[in-house]
Amino acid sequence: MTKIKYYPPTYESESFNCAHCRVYSSQYWCYLRTVRMPHVGHIIQDRTLPDHFAASLCGYCRGWSIWIEEILVYPAQVAVENPNEDMPEDVKKLYMESAQVLSTSPRAAAALLRLGLQMLLGVVGGDGNNINDDIGKIVKLGVEPETQKALDLLRVFGNNGAHPGEIKLDEDPGLVIKMYELMNYITDRLITQKDQINELFEGLPEGIKAQIELRDNKKKEEKS
Ligand SMILES: [Zn+2]
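Residues numbered from 1 in each chain as written. Predicted model: local features only at pLDDT ≥ 70, side-chain atom pairs only at ≥ 80, totals over all residues. Heavy atoms only, no water.

## Examining a negative patch on the surface
Step number 1: Among the surface-exposed residues, E85, D86, D195 and E199 lie close enough to one another that they form a single negatively charged patch.
Step number 2: In this fold, E85 is placed in the loop between β7 (71-74) and α1 (89-101).
Step number 3: Residue classification places E85 among the exposed residues on the basis of a relative accessible area of 69%. (Patch = residues over 30% accessible without salt bridge, like charges linked within 9 Å, V, L, I, M, F, W, Y side chains within 5 Å. Areas by Shrake-Rupley, 256 points an atom, 1.4 Å probe, with all protein chains shown as cover. Salt bridge = Lys/Arg side-chain N within 4 Å of Asp/Glu carboxyl O. Lys, Arg positive; Asp, Glu negative; His and termini not counted. Charge placed at Lys NZ, Arg CZ, Asp CG, Glu CD. Helix = DSSP H or I, 4+ residues; strand = E, 2+ residues; numbered from the N terminus. Buried < 20%, exposed > 50% of the residue type's maximum accessible area, 1.4 Å probe, protein only.)

## Notes on helix α5 (residues 174-202)
Step number 1: When the terminal C-alpha atoms of α5 are compared, their 41 Å separation across 29 residues agrees well with the 42 Å that a helix rising 1.5 Å per residue should span.
Step number 2: Along its length, α5 shows its largest kink, about 40°, at D188. (Expected span 1.5 Å × (residues − 1). Bend = angle between axes of the 7 residues up to and from the residue.)

## What about the packing of α1 against helix α2 (residues 106-123)?
Step number 1: One can describe the packing of α1 onto α2 by two numbers: an axis separation of 8 Å at closest approach and a directional angle of 175°. One way to sum up the angle between α1 and α2 is to call them roughly antiparallel. Together, D90, V91, L94, Y95, E97, S98 and V101 of α1 and P106, A108, A109, L112, L113, L115, G116, M119 and L120 of α2 make up the contact between the two elements. (Axes fitted to C-alpha atoms, helices over the stretch in contact; angles between N-to-C directions. Parallel < 35°, antiparallel > 145°, perpendicular 65-115°, else oblique. Contact = heavy atoms within 4.5 Å.)

## Describing a nonpolar patch on the surface
Step number 1: Where nonpolar side chains cluster on the molecular surface, the patch consists of L32, F53, W64, I66, I68, I71, V73 and Y74 and spans about 730 Å² of accessible area.
Step number 2: Mapped onto the elements of the fold, F53 is located in strand β5 (residues 53-58).
Step number 3: Exposure remark for F53: the relative accessible area of 33% places this residue in the partly exposed category.

## Description of the packing of aromatic side chains
Step number 1: Applying the stated rule across the entire model yields six aromatic pairs.
Step number 2: On the basis of an interplanar angle of 50° and a centroid distance of 5.3 Å, the ring pair of W29 and W67 is categorised as tilted. Linking W29 in strand β2 (residues 24-31) with W67 in strand β6 (residues 64-68), this pair joins segments that are 38 residues apart in sequence.
Step number 3: Centre to centre, the rings of Y95 and Y180 are 5.2 Å apart; their planes meet at 85°, and the pair counts as edge-to-face. With a gap of 85 residues between them, Y95 in helix α1 and Y180 in helix α5 connect regions that are remote in the sequence.
Step number 4: Between the NZ or CZ atom of R33 and the centre of the ring of Y31, over which it lies, the distance is 4.5 Å. (Phe/Tyr/Trp six-rings, centres within 6.5 Å; stacked < 30°, edge-to-face > 60°. Lys NZ or Arg CZ within 6 Å of the ring centre and 35° of its normal.)

## Structural notes on the pattern of salt bridges
Step number 1: Under the counting rule described, the total for this entry stands at 11 salt bridges.
Step number 2: The closest approach of N and O atoms between K137 and D134, which form a salt bridge, is 3.9 Å. With K137 and D134 both in helix α3 (residues 131-142), this residue pair falls three residues apart, about one helical turn.
Step number 3: The partly exposed category is assigned to K137, whose relative accessible area is 37%.
Step number 4: Close ionic contact of K178 with E181 constitutes a salt bridge, the shortest N to O distance being 3.0 Å. Taken together, the residues K178 and E181, both in helix α5 and three residues apart, mark about one turn of the helix.
Step number 5: K178 gets classed as buried once you look at its relative accessible area, which sits at 17%.
Step number 6: Here the salt bridges share partners, and the residues they tie into one network are D127, D134 and K137.

## Some words on the domain arrangement of the protein
Step number 1: Structurally, the protein comprises domain 1 (15-74) and domain 2 (89-202).
Step number 2: A straight line from the C-alpha centre of domain 1 to that of domain 2 covers 37 Å. (Domains from an automatic or database assignment.)

See below:
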């Protein structure tokens, strides 16, 4: 995972990470400036509107973003990766809820993802109470070093969303964007891949599975 700077959509900025496609791209600005008022006697009068209504066009995906009084109103949420299919439903819900508040509060978004992580850990071998303890438990069960790092990154970023910390999430919302990718990564490692391997293993002929069990029991006897 490379460190890519994330520039959130900003009013009248020439380029930012598009809320539709997430690509850092040039933005073309348009303004709704005149209103045509028909009057009695068919005199048409043009009135100038204050600079309250604007739209920006993404140079990459050609998607429109709509702004009212300098606030992004459409799309309603900044696009993030779709949650991994195998993510437990309640965690998926928090993930989506987090994405909805990302543009207005990166810290609230991070805190929601932290809660999602806590619940996820409860499903994959932890007790779902203390994130730090649960990561310790899961590491003991055996995970790749990258999975452990991903878990700790989520924990540390999430803590900074929930408590004041050294990492300023509102100054670098790109870190919160990374949290969604990390959530998907750990779901893939701790759920998807395990399920796939278990399924393949279960499909082995009974005789072969029995041989493997016999071998492992022997090893245990040798050890004791
Ligand atoms: Zn775009």
